[in-house]
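Understanding the architecture of this molecule
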Amino acid sequence: MFNAGDIVQFISCDDDPRAIGKTGRILDEVPPGPLTDYRWTADRISVWIGPVLVRGDEIRKVG
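Anyway, here's the lowdown on the structure attached to this text. (Residues numbered from 1 in each chain as written. Predicted model: local features only at pLDDT ≥ 70, side-chain atom pairs only at ≥ 80, totals over all residues. Heavy atoms only, no water.)

**As for the overall build of the protein chain**
So the rule is basically this: Secondary structure elements follow DSSP: runs of H or I no shorter than four residues count as helices, runs of E no shorter than two count as strands, and numbering proceeds from the N terminus. Both definitions apply: the radius of gyration is a C-alpha atom measure, and the globule rule equals 2.2 Å times residues to the power 0.38. Exposure is judged per residue with a 1.4 Å probe applied to protein chains only, and the accessible area is read against the type maximum: over 50% gives exposed, under 20% gives buried, and values in between give partly exposed. In what follows, residue pairs with any heavy atoms lying within 4.5 Å of each other are defined as contacts. Computed by Shrake-Rupley with a 1.4 Å probe, the accessible areas treat only the displayed protein chains as cover when residues are assessed.
A count of helices and strands for the protein chain gives 0 helices and 5 strands. What you see in the protein chain, going N to C, is helices and strands ordered as β-β-β-β-β. What you see for the protein chain is a C-alpha radius of gyration of 10 Å, in line with the 11 Å of a compact globule of 63 residues. Viewed in the frame of its principal axes, the protein chain has a C-alpha envelope of about 25 × 20 × 20 Å. Across the 63 residues in the protein chain, those meeting the buried criterion constitute 32%. Restricting the contact set of the protein chain to residue pairs at least 6 apart, pairs at least 24 apart contribute 43%. When the accessible surface of the protein chain is split by element, carbon and sulfur atoms take 55% of a total near 3900 Å².

In structure tokens form, the structure reads like this:
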């Protein structure tokens, strides 16, 4: 389970493979639901990569 503000590392990312190996920050205040296909929203990955949607198994908490 992740919380808003958690720093995560991308293990894989179907939404944007350029994010793999980078870190980002979880934006969601509540657990994701059917609107996002149960994927988390992550941002602040890099200047060139916008917010992405990721499944819980594509990221791991690092901070």
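After that view, the rundown keeps rolling.
**With respect to the nonpolar core**
Here is the rule we go by: Buried residues of nine kinds, namely Ala, Val, Leu, Ile, Met, Phe, Trp, Tyr and Cys, make up a nonpolar core once their side-chain atoms join them within 4.5 Å.
Counting residues in each nonpolar core, the largest one holds 13 residues, and the members touching the most others are Phe 10, Ile 26, Val 52, Val 54 and Ile 59. Filtering out sequence-adjacent residues up to four positions away, Ile 26 remains in contact with Phe 2, Asn 3, Ala 4, Gly 5, Asp 6, Val 8, Trp 40, Thr 41, Ala 42 and Ile 59.

**So, the sheet that holds strand 4 (residues 52-54)**
We apply this condition: A pair of strands is treated as paired once DSSP finds two or more bridges between them. Axis definition: a line fit to C-alpha positions, over the contact stretch in the case of helices; interaxial angles, taken between N-to-C directions, run 0 to 180 degrees.
If you trace the 5 strands from one edge of the open sheet to the other, you get 4-3-2-1-5, paired in antiparallel fashion. The strands lining the two open edges of the sheet, one partner per strand, are strand 4 and strand 5 (59-61). Averaged over all neighbouring strand pairs, the angle between strand axes comes to 45°, with direction disregarded.

**Brief notes about the packing of aromatic side chains**
Put simply, the rule is: Stacked, tilted and edge-to-face are the three classes assigned to paired rings of Phe, Tyr and Trp, where Trp is represented by its six-membered ring and a pair needs centres within 6.5 Å; plane angles under 30 degrees give stacked, over 60 edge-to-face, the rest tilted.
Using the criterion set out here, one finds 1 aromatic pair in the structure. When the centroid spacing of 5.5 Å and the interplanar angle of 80° are considered together, the rings of Phe 2 and Trp 40 count as edge-to-face. Of this pair, Phe 2 sits in the segment before strand 1 (7-10) while Trp 40 sits in strand 3 (residues 40-43); the two residues are 38 residues apart in sequence, bridging distant segments of the chain.

**Focus on unusual backbone geometry**
For Asp 37, which is not a glycine, the phi torsion comes out positive at approximately 60°. With respect to the element layout, Asp 37 can be found in the loop between strand 2 (23-26) and strand 3. Positive phi, normally seen in glycine, also occurs at Arg 44, with a value near 60°.

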